[in-house]
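Each chain is listed here by its residues.
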Amino acid sequence: MANRAPIPTSNSALIAMIADEDSIVGFLLAGVGNVDLRRKTNYLLVDSKTTVKQIEDAFKDFTTREDIAIVLISQYVANMIRFLVDSYNKPVPAILEIPSKDHPYDPAQDSVLSRVKHLFATESVASGRR
(Lines give C-alpha, C1' and ligand atoms only; values in the text may rest on other atoms or scores of the structure.)
Protein backbone atom coordinates (compact mmCIF):
# COMPACT_ATOMS: atom_id res chain seq x y z
CA MET A 1 0.00 0.00 0.00
CA ALA A 2 2.91 2.35 0.62
CA ASN A 3 3.96 2.45 -3.03
CA ARG A 4 0.57 3.39 -4.47
CA ALA A 5 0.32 6.67 -6.33
CA PRO A 6 -1.79 9.28 -4.55
CA ILE A 7 -5.17 9.88 -6.13
CA PRO A 8 -5.72 13.58 -6.89
CA THR A 9 -8.74 15.01 -5.11
CA SER A 10 -9.25 18.12 -7.18
CA ASN A 11 -12.82 19.35 -7.45
CA SER A 12 -12.39 19.98 -11.16
CA ALA A 13 -11.72 16.39 -12.30
CA LEU A 14 -13.29 15.61 -15.66
CA ILE A 15 -14.59 12.56 -17.45
CA ALA A 16 -13.11 12.13 -20.93
CA MET A 17 -14.77 10.13 -23.70
CA ILE A 18 -13.65 8.36 -26.85
CA ALA A 19 -16.77 6.97 -28.47
CA ASP A 20 -19.32 7.04 -31.26
CA GLU A 21 -21.64 9.99 -31.88
CA ASP A 22 -24.64 8.63 -29.97
CA SER A 23 -22.60 7.91 -26.83
CA ILE A 24 -20.83 11.28 -26.96
CA VAL A 25 -24.09 13.20 -27.46
CA GLY A 26 -25.73 11.34 -24.58
CA PHE A 27 -22.92 12.20 -22.19
CA LEU A 28 -22.72 15.78 -23.44
CA LEU A 29 -26.42 16.19 -22.71
CA ALA A 30 -25.72 14.85 -19.22
CA GLY A 31 -23.19 17.64 -18.70
CA VAL A 32 -19.90 15.78 -19.15
CA GLY A 33 -18.54 18.01 -21.94
CA ASN A 34 -15.83 20.59 -21.39
CA VAL A 35 -13.93 23.00 -23.61
CA ASP A 36 -10.97 24.84 -22.06
CA LEU A 37 -9.51 28.23 -22.94
CA ARG A 38 -7.33 26.68 -25.66
CA ARG A 39 -10.52 25.17 -27.23
CA LYS A 40 -9.40 21.68 -26.19
CA THR A 41 -12.26 19.26 -25.52
CA ASN A 42 -12.49 16.26 -23.23
CA TYR A 43 -13.96 13.97 -25.89
CA LEU A 44 -13.19 12.47 -29.27
CA LEU A 45 -16.08 11.60 -31.56
CA VAL A 46 -15.12 8.46 -33.50
CA ASP A 47 -16.72 7.93 -36.90
CA SER A 48 -15.73 6.32 -40.19
CA LYS A 49 -13.31 9.17 -40.96
CA THR A 50 -11.43 8.95 -37.65
CA THR A 51 -8.01 7.34 -37.99
CA VAL A 52 -6.43 4.95 -35.52
CA LYS A 53 -3.64 7.52 -35.06
CA GLN A 54 -6.20 10.12 -33.94
CA ILE A 55 -7.66 7.65 -31.45
CA GLU A 56 -4.19 6.79 -30.14
CA ASP A 57 -3.30 10.47 -29.78
CA ALA A 58 -6.54 11.23 -27.92
CA PHE A 59 -6.04 8.27 -25.58
CA LYS A 60 -2.47 9.33 -24.81
CA ASP A 61 -3.57 12.93 -24.30
CA PHE A 62 -6.49 12.05 -22.00
CA THR A 63 -4.40 9.64 -19.91
CA THR A 64 -1.70 12.24 -19.30
CA ARG A 65 -3.91 15.23 -18.51
CA GLU A 66 -4.00 16.22 -14.83
CA ASP A 67 -7.65 17.33 -14.96
CA ILE A 68 -9.11 14.00 -16.12
CA ALA A 69 -10.13 11.33 -13.59
CA ILE A 70 -11.96 8.83 -15.84
CA VAL A 71 -11.68 7.95 -19.52
CA LEU A 72 -14.77 6.27 -20.97
CA ILE A 73 -14.01 4.47 -24.21
CA SER A 74 -16.37 2.44 -26.37
CA GLN A 75 -15.22 -1.15 -26.39
CA TYR A 76 -15.09 -1.38 -30.17
CA VAL A 77 -12.86 1.71 -30.21
CA ALA A 78 -10.70 0.25 -27.44
CA ASN A 79 -10.23 -2.83 -29.62
CA MET A 80 -8.68 -0.60 -32.30
CA ILE A 81 -5.98 0.47 -29.82
CA ARG A 82 -6.04 -2.63 -27.60
CA PHE A 83 -2.26 -2.61 -27.17
CA LEU A 84 -2.43 0.87 -25.59
CA VAL A 85 -5.42 0.08 -23.39
CA ASP A 86 -3.89 -3.19 -22.14
CA SER A 87 -0.52 -1.59 -21.42
CA TYR A 88 -2.06 1.28 -19.42
CA ASN A 89 -1.64 0.52 -15.71
CA LYS A 90 -2.15 3.74 -13.74
CA PRO A 91 -5.05 4.10 -11.31
CA VAL A 92 -5.91 7.66 -12.40
CA PRO A 93 -7.35 8.32 -14.83
CA ALA A 94 -9.34 5.11 -14.69
CA ILE A 95 -10.13 3.53 -18.06
CA LEU A 96 -13.65 2.13 -18.43
CA GLU A 97 -14.84 0.34 -21.54
CA ILE A 98 -18.49 0.92 -22.35
CA PRO A 99 -20.87 -0.58 -24.93
CA SER A 100 -22.23 1.39 -27.84
CA LYS A 101 -25.53 1.19 -29.65
CA ASP A 102 -24.15 -0.77 -32.60
CA HIS A 103 -21.52 -2.82 -30.75
CA PRO A 104 -22.58 -4.83 -27.68
CA TYR A 105 -20.27 -5.20 -24.69
CA ASP A 106 -18.09 -8.33 -24.61
CA PRO A 107 -16.69 -9.03 -21.13
CA ALA A 108 -14.02 -11.33 -22.60
CA GLN A 109 -12.37 -8.34 -24.32
CA ASP A 110 -12.43 -5.94 -21.35
CA SER A 111 -8.86 -5.53 -20.06
CA VAL A 112 -9.95 -4.18 -16.65
CA LEU A 113 -12.33 -7.09 -16.07
CA SER A 114 -9.64 -9.61 -17.07
CA ARG A 115 -7.20 -8.00 -14.60
CA VAL A 116 -9.78 -8.20 -11.81
CA LYS A 117 -10.49 -11.87 -12.60
CA HIS A 118 -6.75 -12.59 -12.57
CA LEU A 119 -6.35 -10.77 -9.25
CA PHE A 120 -9.18 -12.71 -7.60
CA ALA A 121 -7.89 -16.00 -9.02
CA THR A 122 -4.44 -15.26 -7.58
CA GLU A 123 -5.91 -14.31 -4.19
CA SER A 124 -8.03 -17.46 -3.99
CA VAL A 125 -4.97 -19.62 -4.77
CA ALA A 126 -2.93 -17.75 -2.15
CA SER A 127 -5.67 -18.05 0.50
CA GLY A 128 -5.88 -21.80 -0.11
CA ARG A 129 -2.19 -22.20 0.81
CA ARG A 130 -2.61 -20.91 4.38
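Residues numbered from 1 in each chain as written. Predicted model: local features only at pLDDT ≥ 70, side-chain atom pairs only at ≥ 80, totals over all residues. Heavy atoms only, no water.

Enquirer: In this structure, what is going on with the pairing of strand β1 (residues 14-19)? I would like to understand it.
Expert: For a regular strand, side-chain orientation follows a simple rule: the groups alternate between the two sheet faces. Across the six residues of β1, five count as buried, placing the element largely inside the fold. The sheet contact formed by β1 and strand β3 (residues 68-74) spans five bridges and is parallel. Within β3, the residue paired with Ala 16 across the bridge is Val 71. For β1 and strand β2 (residues 43-45), the ladder comprises three bridges, and the chain directions are parallel. By the bridge assignment for β2, Ala 19 is matched with Leu 45. Between β1 and its parallel partner β2, the chain crosses via helix α1 (residues 21-29), and the hand of that crossover is right-handed. (Buried < 20%, exposed > 50% of the residue type's maximum accessible area, 1.4 Å probe, protein only. Helix = DSSP H or I, 4+ residues; strand = E, 2+ residues; numbered from the N terminus. Pairing = 2+ DSSP bridges. Right-handed = clockwise from strand over helix to strand, strands pointing away.)

Enquirer: Can you help me understand the environment of Ile 73 in this one?
Expert: Along the chain, the position of Ile 73 falls in strand β3. Beyond its immediate stretch of four places on either side in the chain, Ile 73 contacts Ile 18, Phe 59, Ala 78, Ile 81, Ile 95, Leu 96, Glu 97 and Ile 98. (Contact = heavy atoms within 4.5 Å.)

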